[in-house]
Amino acid sequence: MSPNADFLGRDVVSARDFKRDQFEQVIQGVEDLEKRRGSLDGALKGKLAALLFFEPSTRTYSSFQIAAEKLGMRVSGFAGPTGSSITKGETLHDTLRMFEGYGADVFVIRHSKMGAARFAAEISDTPVISAGDGSREHPTQAMVDLYAIRKAFGRVDGLKVGMLGDLRYGRTSSSLAYALSNFDVDITFIAPDALQMRPEVTQLLKQRGVTAKKESALKNVAGELDVLYVTRIQKERIPDPTEYEKVKGMYEVNLEALREAKPSLKVLHPLPRVDELSTDIDDTNYAQYFVQAAGGLPLRMVLLNLILGGVG
Amino acid sequence: MSPNADFLGRDVVSARDFKRDQFEQVIQGVEDLEKRRGSLDGALKGKLAALLFFEPSTRTYSSFQIAAEKLGMRVSGFAGPTGSSITKGETLHDTLRMFEGYGADVFVIRHSKMGAARFAAEISDTPVISAGDGSREHPTQAMVDLYAIRKAFGRVDGLKVGMLGDLRYGRTSSSLAYALSNFDVDITFIAPDALQMRPEVTQLLKQRGVTAKKESALKNVAGELDVLYVTRIQKERIPDPTEYEKVKGMYEVNLEALREAKPSLKVLHPLPRVDELSTDIDDTNYAQYFVQAAGGLPLRMVLLNLILGGVG
Amino acid sequence: MSPNADFLGRDVVSARDFKRDQFEQVIQGVEDLEKRRGSLDGALKGKLAALLFFEPSTRTYSSFQIAAEKLGMRVSGFAGPTGSSITKGETLHDTLRMFEGYGADVFVIRHSKMGAARFAAEISDTPVISAGDGSREHPTQAMVDLYAIRKAFGRVDGLKVGMLGDLRYGRTSSSLAYALSNFDVDITFIAPDALQMRPEVTQLLKQRGVTAKKESALKNVAGELDVLYVTRIQKERIPDPTEYEKVKGMYEVNLEALREAKPSLKVLHPLPRVDELSTDIDDTNYAQYFVQAAGGLPLRMVLLNLILGGVG
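Residues numbered from 1 in each chain as written. Chains lettered and ligands numbered in written order. Predicted model: local features only at pLDDT ≥ 70, side-chain atom pairs only at ≥ 80, totals over all residues. Heavy atoms only, no water.

Time to look at the overall build of chain A. The helix and strand inventory of chain A stands at ten helices and nine strands. Taking 312 residues into account, the globule formula puts the C-alpha radius of gyration at 20 Å, and chain A, at 19 Å, falls close to it. Each principal axis of the C-alpha distribution contributes one length, and for chain A these read about 55 × 45 × 40 Å. Relative to all contacts within chain A whose residues are 6 or more apart in sequence, the contacts with residues 24 or more apart total 73%. Total accessible area computed for chain A in this model is approximately 11800 Å², and 47% of it derives from carbon and sulfur atoms. Between the averaged position of the 40 positive side-chain charges in chain A and that of its 41 negative side-chain charges there is a distance of 2 Å. (Helix = DSSP H or I, 4+ residues; strand = E, 2+ residues; numbered from the N terminus. Rg over C-alpha atoms; globule rule 2.2 N^0.38 Å. Contact = heavy atoms within 4.5 Å. Areas by Shrake-Rupley, 256 points an atom, 1.4 Å probe, with all protein chains shown as cover. Lys, Arg positive; Asp, Glu negative; His and termini not counted. Charge placed at Lys NZ, Arg CZ, Asp CG, Glu CD.)

Structure representation (structure tokens):
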């Protein structure tokens, strides 16, 4: 069996669609690439990546752009809605047909509407990678997150993972929870009631035998965690400004909030951050988020290469 | 005579400026390229294309960008007005001088002002290709349109072509009419009175002996046409909203509107479309617009190569 | 000593930080490159330039982008604030860490906040080049300006240089004054009182023994100058509209304003211009500003190559 039989020509639209073996294959690929830097350079020479970012994202866009170019691909598309056909009312269907006509070998799609990537995958024969859509899914980020956990601990099994912030609308949290459901982990969702993890996610975890509980305050569990995954609580999600200020303070992660934490705790964050993760963590051993961020580039190189069947 | 003597160093600012032979040379080039895919890759290596899109257009921008990069060119400039000097009030003259100073080998200019590309061609020694300007001209789109017609029928002569929509302000329609004036075709302009084709276009057709008539409703001629070229009626062109709703309905092309059409009818559209062309046509034999769109890439490769004298 | 010992790995954040020898080394590099065109092509193959333009600038962005690509570098980042993480409130620190993680070999930073490039240089081990920040510094433009002066006269020493316009807030003027402080020149600052050169600049000139005086009107000194460096007076700097109209007229440079000028006078302008420099100068021997603008590309190639230690 070819090493990428599971990935060749495949769409990546939900972390739900991948099994443990597949996550491990991608992470292994990144670890190999880190040992043999440059080994994928030019592996997809002559191919074309269409990056269609209907919603802007410097971080995800740049990692895909640099990944594709290091692989030798040409890059086309747009980094945000300005100037794109979408402002003239063109449908996603027609935009995809256009880039298919121009020879796109893969679509990388960021969209504010839930299900946009899935829809794209259904109507196009070209592989579609979601770069985040709606408030549900950001599957490649989940792969990056898993990679950062394994890099810190050498394993994923056996860890206690806290996920904190806006779990209801935060797409990275859902995707990471789906990914973690393939491992023997113990998850605590830490959020105000209004922003707790959605039922379809907790139900899947239960089906797959993963222990998951809900907490309203970090301080109740800070001492038990191996991994703390922090995400932002967006002001617009909490209609009452007084309530927002209260919530914001309760979920800000700083050294004081980690007073009881294990010395081996690793803090992750998909970034960008605003106030929810204090810079006083940056120079401590807790900080794993810059390692995590840097993993975005090799991981996306490996993933593109698996999907498009490059050499190396 | 060199095969590109007619094109070497030439500006492309109006479809009026080209003769039948020249349109055929470009189309022939595309047909050759389709037979020998990759034969132009790298032909303009080291040259620089300055894409100056003062008005955004994903479709035209992307096709020129990918075309230039496949030819081996570097690409600079901007895909829309945001961030461009134009927002600081710089003149087109100074913007051109800047990119000339940076070594641009060709300008591709999209501008909302009529005549901008012609002006650029007059003041610059560097070849200028219009990528659409004002409401008058989009000459490379006309070449793409001709190509799509020939691809469908093997010829252009002898066809009955209907052009429908906003013919007064739609730049692709004028340019296609100019291009068609070199062929033995029969044209019907289908539009409400307020948006009928401009006199300077119909006069040129008359001078060149092309039969052209005006119609106010598609249903009167749908059964006779070989080609139906559909364009959008923009809401802002019809001041009265009630009138707009009426007109919009009358000029929407869907299967019902094509009930009387010949089975061999081909529907073209420069895209993007909104409501004026129904997706119920997409999977029928009428639909030629995705083939047409895909032609934009090889056609622009061939054109750049003829103008810049690449090998191959 | 290696030819680029003074530049290898170095930050370029202020023209104050460079000595005469170093300015001359860069200019000499440009003159060499003009003699041996193409000699630096591909010299930095495989390296990555992160262009972070938090403030848009077609001219500076394009020259860095083309320079980097001609050197063989990949380019990433953003050409303006739209779509960048900055709109989500990410700090400059985190943006830099992201691109460090993606392997950036150099940062080129344009920012509206004074000191942004200096701050970036302090927190990052990756070389930082300012592409203009706040109203204080644009060091690579000053190098381009010096180059244009030397190209016109074969030397910088012994020249009488007038600097006109908004000297208080114009970043190119401060940077050029710093650069000129290393040469034996005679400077006249021509501006309304409210926009005269800042004390820290005139004090540095004094310390370094450069003669500098202030004038309120061009006509008082037009006949003495070898070089006239023109910059824009922005409307928003002069609160009183009547006052603005008066000032604007007084500082507009056109043939009439240069009636008394020496035939050998050279007019420079960092561009883009609006009304402050009349196009009636363009075709005269006074105009050095298009030569100056074109110098931006080779100069930035030479500078990147010195800093990143490329071959050639």
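More follows now that the structure is in view.
Residues and elements named next belong to chain A. Entries for chain A in the domain assignment read domain 1 (15-137 + 296-308) and domain 2 (139-293). Domain 1 and domain 2 are separated by 25 Å when their C-alpha centres are compared. Listed as interface residues are 31 residues of domain 1 and, on the opposing side, 31 residues of domain 2. The contact between domain 1 and domain 2 buries some 2600 Å² in all, and 55% of this surface belongs to carbon and sulfur atoms. Linking domain 1 with domain 2 are five salt bridges. Put simply, Arg 20 and Asp 157 hold a salt bridge, and the shortest N to O gap is 2.5 Å. Counting every contact that joins domain 1 to domain 2 gives 13 residue pairs in polar contact (both at pLDDT 80 or more). Those elements giving two or more residues to the side of domain 1 that touches domain 2 turn out to be helix 1 (20-35), helix 2 (58-70), strand 3 (106-111), strand 4 (128-133) and helix 10 (296-308). Top contributing element to the side of domain 1 that touches domain 2 by residue count: helix 1, with nine residues. (Domains from an automatic or database assignment. Buried area = accessible area lost by both parts, 1.4 Å probe. Salt bridge = Lys/Arg side-chain N within 4 Å of Asp/Glu carboxyl O. Polar contact = N/O pair within 3.5 Å; in protein donor to acceptor, adjacent residues only side chain to side chain.)

Right, let's get into the packing of helix 1 (residues 20-35) of chain C against helix 5 (residues 139-153) of chain C. Residues and elements named next belong to chain C. Look at helix 1 against helix 5: their axes get within 10 Å of each other, and the N-to-C directions meet at 65 degrees. When the axes of helix 1 and helix 5 are compared, the crossing they make is right-handed. The residues of helix 5 that touch helix 1, namely those facing Phe 23, Glu 24, Val 26, Ile 27, Gln 28, Val 30, Glu 31 and Glu 34, are Met 143, Leu 146, Tyr 147, Arg 150 and Lys 151. (Axes fitted to C-alpha atoms, helices over the stretch in contact; angles between N-to-C directions. Left-handed = near helix turned anticlockwise from the far one by under 90°.)

Now for the packing of helix 5 (residues 139-153) of chain A against helix 10 of chain A. Residues and elements named next belong to chain A. Close contact between helix 5 and helix 10 brings their axes to 10 Å; oriented N to C, the two are set at 120 degrees. As far as their axial angle goes, helix 10 and helix 5 are oblique. For the pair helix 5 and helix 10, the sense of crossing is right-handed. Where helix 5 approaches helix 10, its residues Thr 140, Gln 141, Met 143, Val 144 and Tyr 147 are matched on the opposing element by Gly 296, Leu 299, Arg 300 and Leu 303. Residue composition of the contact of helix 5 with helix 10, by class: five nonpolar, three polar and one charged. (Parallel < 35°, antiparallel > 145°, perpendicular 65-115°, else oblique. Nonpolar A, V, L, I, M, F, W, Y, C, P; charged D, E, K, R; others polar.)

Residue and element names in this part refer to chain A. The first and last C-alpha atoms of helix 10 sit 18 Å apart over 13 residues, in line with the 18 Å expected at 1.5 Å per residue. Across the 13 residues that make up helix 10, a large majority, 13, are buried. Looking one or two residues beyond helix 10, the residue adopting positive phi is Gly 309, at roughly 65 degrees. (Expected span 1.5 Å × (residues − 1). Buried < 20%, exposed > 50% of the residue type's maximum accessible area, 1.4 Å probe, protein only.)

What follows is about the environment of B:Arg155. Looking at the secondary structure, you find B:Arg155 in the loop between helix 5 (139-153) and strand 5 (160-164). Discounting chain neighbours no more than four positions away, the residues touching B:Arg155 are B:Ile149 and B:Arg150.

Residue and element names in this part refer to chain A. When you line up the elements, Ser 124 lands in the loop between helix 4 (116-123) and strand 4. The buried category is assigned to Ser 124, whose relative accessible area is 5%. In this structure the side chain of Ser 124 is engaged in a polar contact, spanning 2.6 Å, whose partner is the side chain of Glu 100. Once you skip the residues sitting within four places of it in the chain, Ser 124 turns out to touch Glu 100 and Phe 107.

On to empty space enclosed by the protein. All told, the structure shown has two cavities of 30 Å³ or more when counted by the stated rule. What lines the largest cavity is A:Arg59, A:Thr60, A:Ser63, A:Gln141, A:Val144, A:His269, A:Pro270, A:Gln292, A:Ala293, A:Gly296, A:Arg300 and C:Tyr102. When residues of the lining of the largest cavity are traced back to their parent elements, those giving at least two are helix 2, helix 5, helix 9 (289-294) and helix 10 of chain A. A per-class count over the lining of the largest cavity returns four nonpolar, six polar and two charged. (1 Å grid on protein atoms, 1.4 Å probe; cavity = no way out; pocket = protein on both sides within 12 Å on 5 of 7 lines; lining within 4 Å. Points joined across faces, edges and corners; volume = space filled by probe spheres on them.)

Before going further, it helps to examine the relation of the copies chain B and chain C. At an RMSD of 0.0 Å, chain B and chain C line up after a rotation of 120 degrees and a shift of 0.0 Å along the axis. The transformation relating the two chain copies, once decomposed into turn and shift, fits a three-fold axis. When the interface residues of chain B are mapped onto chain C, a mere 5% of them again lie at the interface, so each copy presents a different face. (Least-squares fit on C-alpha atoms with pLDDT ≥ 70 in both.)

As a further point, take the interface of chain B and chain C. Contacts between chain B and chain C engage 20 residues on the former and 21 residues on the latter. Both faces combined, the contact of chain B with chain C buries some 1800 Å², and carbon together with sulfur accounts for 53% of it. Connecting chain B to chain C are two salt bridges. Here C:Arg273 ties to B:Asp94 by a salt bridge, and the two come within 2.5 Å at their closest N and O atoms. At the junction of chain B with chain C, the criterion picks out five residue pairs in polar contact (both at pLDDT 80 or more). Of all the secondary structure elements, the ones that give two or more residues to the side of chain B that touches chain C are strand 2 (74-78) and helix 3 (92-101) of chain B. No other element matches helix 3 of chain B, which puts six residues into the side of chain B that touches chain C.

Once that is clear, we can look at the relation of the copies chain A and chain C. Related by rotation about an axis and a shift along that axis, the two copies of the chain form a pair. Each copy superposes on the other: chain A lies on chain C with an RMSD of 0.0 Å after a rotation of 120 degrees and an axial shift of 0.0 Å. When the interface residues of chain A are mapped onto chain C, a mere 5% of them again fall at the interface, so the copies present different faces.

Residue and element names in this part refer to chain B. Taken in spatial order, the four strands line up as 2-1-3-4 in an open sheet, and their pairing is parallel. A single partner strand is all that each edge strand has here, and the edge strands are strand 2 and strand 4 (128-133). Taken pair by pair, the neighbouring strands of this sheet meet at an average axis angle of 15 degrees, ignoring direction. The pairing of strand 1 (residues 48-53) with strand 2 spans five bridges and is parallel. Considered in strand 2, the bridge of Leu 48 is made with Arg 74. (Pairing = 2+ DSSP bridges.)

Attention shifts here to the pattern of salt bridges. All names here are of chain B. With the rule as written, the count across this model stands at 60 salt bridges over all chains. Here Asp 275 makes a salt bridge to Lys 248, at a shortest N to O gap of 3.7 Å. Placement of the pair is Asp 275 in the loop between strand 9 (266-268) and helix 9 (289-294) and Lys 248 in helix 8 (residues 241-250), with a sequence separation of 27 residues. For Asp 275, a relative accessible area of 42% puts it in the partly exposed group.

With that out of the way, let us pick up the confidence of the model for chain A. Looking at chain A, pLDDT values average 94 and 96% of them are 70 or higher. At the level of chain-chain contacts, confidence expressed as ipTM amounts to 0.94, with global pTM at 0.95. (pLDDT = per-residue confidence, 0-100.)

In this section: the sheet that holds strand 8 (residues 227-230) of chain C. Two orientations exist for strands paired in a sheet by backbone hydrogen bonds: parallel and antiparallel. Residue and element names in this part refer to chain C. Spatial strand order, 7-6-5-8-9: five strands in an open sheet with parallel pairing. Two strands lie at the open edges of the sheet, namely strand 7 (211-215) and strand 9 (266-268), each paired on one side alone. Looking at each pair of strands side by side, their axes are set apart by 20 degrees on average, direction ignored. Sheet analysis places strand 6 (residues 186-190) next to strand 7, joined by five bridges and oriented parallel. Looking at strand 7, one finds that Phe 189 is bridged to Lys 214.

So, about the pairing of strand 6 (residues 186-190) of chain A. All names here are of chain A. Across the five residues that make up strand 6, a large majority, four, are buried. Bridging between strand 5 (residues 160-164) and strand 6 involves five bridges; their strand directions are parallel. Considered in strand 6, the bridge of Met 163 is made with Phe 189. What joins strand 5 to strand 6 is helix 6 (residues 171-180), and the crossover it makes is right-handed. (Right-handed = clockwise from strand over helix to strand, strands pointing away.)

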